[in-house]
Every structure is written in C-alpha cells, then in structure tokens.
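Architecture and fold: a report
Listed here are the chains, written in short residue letters.
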Amino acid sequence: MLTQIPLPEHIARLSDVEAHKLVRQAKLKLGQSTIVLVHHYQRDEVFDHADFTGDSLKLARIARDSTAANIIFCGVHFMAETADILTGGTRFVSLPDLGAGCEMADMATLRDVEDSWQDAIKAGVKNIIPVTYINSSAELKAFVGRNGGVICTSSNAKAVVSWALEHGEHVFFFPDQHLGRNIGKSLGLSVSKDMLLWDPAKPLGGLDDSTIKSRKIWLWKGHCPVHALFTVHQVKKIRETSPETKILVHPECAMEIVDVSDLSGSTDFIIKTIETSPAGSKWAVGTEKHLVERLAAQHKDKTITSLNPFTCLCGTMNRISLHSLAWVLDGLVDKNERNNRITVDPATARDSMLALNRMFELS
Ligand code: 13P
Ligand code: SF4
C-alpha cells in the first residue's frame, strides 16, 4: 500500500464547515477543468461534492469520455490508475489519499501471477485466456492484455467470461474467486467438475496436471474482505425473523450466500433493484455500508438494512476524507500543486488498453 503524507496544517486544522466551503470554492474556480468522480462506497461528506457518482464501470466510462484536465478520483487506487490509462496519461488524475487501495487487488501481484502462468505453461496447458476483475493493478491488467485476455467488472462479468470461455480452453480468473465462481455457476458450469481454486502460494496452485487440464475456470485465491463479512447464518436469521424481507447481495459475496439470497448483482444492479422496488418492500442488502445507508436514506418508503448487523466498511476507500479532497482541489487553484498524481507508465498503459478495449466491446 502507498503511504499518504500528513495533510498540511492549513488544511488539517480546518473545521468541517470550512473544509466544505474550501471544496465548494475551489470547484467553482476550477470550473469545467476539473471533475470529481465518487464511488458509491464513499462517505457522505465526500459524496456530496461529486460531479459524477457511479460504480467502477460507470466511473471508468465517464473518465474515458470526459474532456476535463483534472480528474479527482474518490474511489480506490486501481480506479484512478484505470482513469489514467483510459485518458492516455493526458490528464491530471489524483487519488486524494494514497492509502485508498483495494485489499482484494493486492491479493494478485504480478509476480505471483507470472509464476503461476509459467507453472501452467510448463505443465503443458495451452489456450488459457486470462480475465481480471477491474479490481486489479495496472500491471496485472497489462499482463492480461499482453496474453490475449480481457477485463471485467461486476456489471459485465457474465458477458466477458462467456466470451473468454468461447475463445479459450481455460479461463484464469483474477483476483476474486467469489465473483469468478458465481459467474461460472450462473453460466451453468459445475463448481466441482468445471472450476478449481488456484492457490498462488503453492506450486501449480497446489494442484496436479490432470486437474488443471480438465477444468475450464481457474479461480485465483483472492477475495474482498468487506464482502467476506456476510454469512449464510445472517441470511437464515433474516428468513426466520422477517420472511417478507428480500435479500440482495453483491457477487463478491461467497457462492453459498449468493445461492440462498433472492437476488445478486453489481452495485448498479443493487441500486436499480431498490429504486424500482415497490413502496413498503423490505430489503437486507449485502454490500458496503455507505451504499446501504444511502439507499435507506433515499428510499424512506422502503425498509433497507444491511444483511450484516455490524459494520461492513471498505476502510481503504474511506481513507479519502473531506479534508484530503479539499487539499487536492485547493492545490490546483492558483498554486498549481499537483498532489497525489496517479500515473501508469506508457508500456503498461498500452497493454492494459488492449484488455480494457476488449471489455468495452463486450459491454
Ligand atoms: P462495482 O464494480 O460494483 O463498483 O464494485 C467495485 C468494488 O470494489 C466492489 O467491492
Ligand atoms: Fe476492494 Fe472490497 Fe473495497 Fe471493493 S469493497 S474496493 S473489492 S476492498
């Protein structure tokens, strides 16, 4: 994880009211040169200053299509990297707190992926299509691009994995085993006969040649620690105490939970499902707490609670604060300070684009 330097004192000592004012003033002065993109998991004090909000796919598209010189990305590191790649390094892309990483993305390092890939090639396996969830480093995206693969998000994973299955004998899916397993299952594949779990800490993923040759989807052993906080027990409890409540979860939750839920889908799907549900309906939602709390506040005619009665917080994304946003924006006004720029080197960006473009063609 990158380390964030402490905010300068003139920013750190601002009260919240002053910091909100500074953000508003800076945005006014910067005008259309600057856009603030905010992911749905972000805390309200940051969310309130968004020019655009969205899930990772929507925000990637907005970054790609925008003409703004400055893109302030209130999400996590891989999202800011993706914005830099999609804009060809021509913009100032900033992540207001460098500690805002994605713990899942960190579970698939390029080194481990390359070692595993070589193990598979040495075992004589051919025709493997690598697919990485967008929650991954730029260097992993570039590896995937170089090797004929494609990127997916939770919104388009089904179409992307179907494409990969048509084009290769095996799909190596990074880094989220749960999303990969849920998608494979939704495509009619058997977990025990068609998929395997690849443990990067072990040679050949801890498997043998005949197993890897016989399975279609190889799932990298990574997961999201936030979505790991939802359990089958919580689902059972809701079924017992409130049978009319519908259970809606993100596909980063384990398959056992998705299987016993009523619905599962991306952030965008979760929002649309709640928006279009009838007044009076009751929902227990299995995803990050800020999104669930915002949905509850926006739809007071419905009962919306978290599937987990305790907090499920993406702590890294929430390192971005009102004050760090104020610092980055204020730096651009008059001072021409470019704080927390996120850049991807041209060769990595070029190879990543191959995989990103394949994704956009499929979604
Ligand atoms: P979305 O693609 O649904 O925005 O999800 C991103 C993410 O990090 C979920 O944990
Ligand atoms: Fe990464 Fe999980 Fe946070 Fe999403 S919720 S950004 S997958 S750690």
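Scroll up to find the structure.
Residues numbered from 1 in each chain as written. Chains lettered and ligands numbered in written order. Predicted model: local features only at pLDDT ≥ 70, side-chain atom pairs only at ≥ 80, totals over all residues. Heavy atoms only, no water.

Some details on the sheet that holds strand S4 (residues 92-94)
Note the following rule: At least two bridges found by DSSP between two strands are what make those strands a pair. Secondary structure elements follow DSSP: runs of H or I of four or more residues count as helices, runs of E of two or more count as strands, with numbering from the N terminus. Lines fitted to the C-alpha atoms define the axes, with helices restricted to the stretch that makes contact. Angles between their N-to-C directions range from 0 to 180 degrees.
Pairing is parallel across the open sheet formed by 4 strands, whose spatial order is S2-S1-S3-S4. Both edges of this open sheet fall to strand S2 (52-54) and S4, since each of them pairs with a single strand only. Ignoring which end each strand starts from, the neighbouring axes of this sheet average 20° apart.

Describing the sheet that holds strand S11 (residues 263-264)
As a reminder of what qualifies: Whether two residues are in contact is decided by their heavy atoms: any pair within 4.5 Å suffices.
Ordered in space as S11-S10-S12-S13, the 4 strands form an open sheet in which the pairing is parallel. Where the open sheet ends on each side, the last strands, each with one partner, are S11 and strand S13 (303-306). The pairing of strand S12 (residues 282-286) with S13 spans 4 bridges and is classified as parallel. Across the sheet, Ala 284 pairs through a bridge with Thr 305, a residue of S13. Sitting on the sheet, helix H14 (residues 267-275) is in contact with strand S10 (246-249), S11, S12 and S13, with an inclination near 155° to S10. Across the sheet, helix H15 (residues 289-298) lies against S12 and S13, angled at about 165° from S13, the strand it touches most.

Some details on the site of ligand 2
This is how the line gets drawn: Here a residue counts as near a molecule or strand whenever at least one of its heavy atoms sits within 4 Å of it. Residues were grouped as follows: Ala, Val, Leu, Ile, Met, Phe, Trp, Tyr, Cys and Pro as nonpolar; Asp, Glu, Lys and Arg as charged; and all remaining residues, including Gly, as polar.
The local shell around ligand 2 consists of Tyr 41, Cys 102, Glu 103, Met 104, Asn 135, Cys 224, Val 226, Glu 252 and Cys 314. Grouping the constituent residues of the shell around ligand 2 by class yields 6 nonpolar, 1 polar and 2 charged.

Describing the packing of aromatic side chains
Two descriptors summarise a pair of aromatic rings, namely the distance from one centre to the other and the angle between the planes of the rings. For clarity, the threshold we go by: Think of it this way: a Phe, Tyr or Trp ring, Trp meaning its six-membered ring, pairs with another when their centres are within 6.5 Å, and the plane angle makes it stacked under 30 degrees, edge-to-face over 60, tilted otherwise. Residue exposure (1.4 Å probe, protein chains only): buried if accessible area is under 20% of the type maximum, exposed if over 50%, otherwise partly exposed. Criterion for a charge above a ring: Lys NZ or Arg CZ within 6 Å of the ring centre, and within 35 degrees of the ring normal.
The final tally for this structure, using the stated rule, is 8 aromatic pairs. An angle of 20° between the planes, with centres 5.4 Å apart, marks the rings of Trp 198 and Trp 218 as stacked. Highlighted residues: Trp 198 in strand S8 (residues 195-198) and Trp 218 in strand S9 (residues 217-220), separated in sequence by 20 residues. The class of Trp 198 is buried, set by a relative accessible area of 0%. Ring pairing ties together the aromatic residues Trp 117, Phe 143, Phe 172, Phe 174, Trp 198, Trp 218 and Trp 220, which thus form one cluster. Its end group placed over the ring of Phe 360, Arg 64 keeps NZ or CZ at 4.3 Å from the ring centre.

Considering the packing of helix H4 (residues 56-65) against helix H5 (residues 77-86)
Note the cut-off: Crossings are sorted by hand: turned counterclockwise from the far helix by less than a right angle, the near helix makes the crossing left-handed, and turned clockwise it makes it right-handed.
Direction vectors running N to C along H4 and H5 enclose 35°, while the axes themselves pass 8 Å from each other. Like other packed secondary-structure pairs, H4 and H5 cross with a definite hand, here right-handed. Mapping the contact onto sequence places Ser 56, Ala 60, Ala 63 and Arg 64 in H4 and Met 79, Thr 82, Ala 83 and Leu 86 in H5. Its residues placed into classes, the contact of H4 with H5 shows 5 nonpolar, 2 polar and 1 charged.

Re the site of ligand 1
Going by this rule: Polar contact is the term for a pair of N or O atoms within 3.5 Å; when the atoms are in protein, one must be able to donate a hydrogen and the other to accept it, and sequence-neighboring residues count only if both atoms are side-chain atoms. Residue exposure ignores everything except the shown protein chains as possible cover, and the areas themselves are Shrake-Rupley values with a 1.4 Å probe.
Lining the immediate surroundings of ligand 1 are His 39, Tyr 41, Asp 55, Ser 56, Tyr 133, Asn 135, Ser 154, His 227, His 250, Glu 252 and Thr 267. Ser 56 is positioned with one of its side-chain polar atoms (N or O) 2.5 Å from an oxygen atom of ligand 1. The side chain of His 250 places a nitrogen or oxygen atom 3.3 Å from an oxygen atom of ligand 1. Protein chains shield 96% of the accessible area of ligand 1, which is 300 Å² for the free molecule. A per-class count over the shell around ligand 1 returns 2 nonpolar, 7 polar and 2 charged.

Considerations on the side chain of Asp 55
Quick note on the threshold: A positive count includes Lys and Arg, and a negative count includes Asp and Glu. His and the chain ends are not counted in either. Should a side-chain nitrogen of Lys or Arg be within 4 Å of a carboxyl oxygen of Asp or Glu, the pair is scored as a salt bridge.
The topology assignment puts Asp 55 in the loop between S2 and H4. Although buried, Asp 55 forms no salt bridge, and the nearest oppositely charged side chain, Arg 61, lies 7.0 Å from it. Only 3.2 Å separates the side chain of Asp 55 from the side chain of Ser 155, close enough to count as a polar contact. With residues up to four places along the chain from it excluded, the contact list for Asp 55 reads His 39, His 40, Ser 155, Ser 266, Thr 267 and Asp 268.

Focus on the side chain of Asn 182
With respect to the helices, strands and loops of the structure, Asn 182 is situated in helix H9 (residues 177-186). According to the relative accessible area criterion, Asn 182 is buried, its value standing at 8%. In this structure the side chain of Asn 182 is engaged in a polar contact, spanning 2.9 Å, whose partner is the backbone oxygen of Cys 253. Each residue touching Asn 182, except ones within four places of it in the same chain, is listed here: Pro 251, Cys 253, Ala 254, Met 255 and Val 258.

What about unusual backbone geometry?
Notably, Leu 204 is not glycine yet its phi reads approximately 50°, a positive angle. For Leu 204, the position within the fold is in the loop between S8 and helix H11 (209-214).

Quick notes on helix H12 (residues 232-241)
Heads up, the rule is: Working note: the arc is built from the helix axis to C-beta atom directions.
Restricting attention to buried positions, one finds in H12 the residues Gln 234, Val 235 and Ile 238. End-on view of H12: buried residues confined to an arc of 100°, all on one side of the axis. Turned more than 90 degrees away from the buried face of H12, the exposed residues are His 233, Lys 236 and Glu 240. On its buried side, H12 packs onto S10, helix H13 (255-260) and S12.

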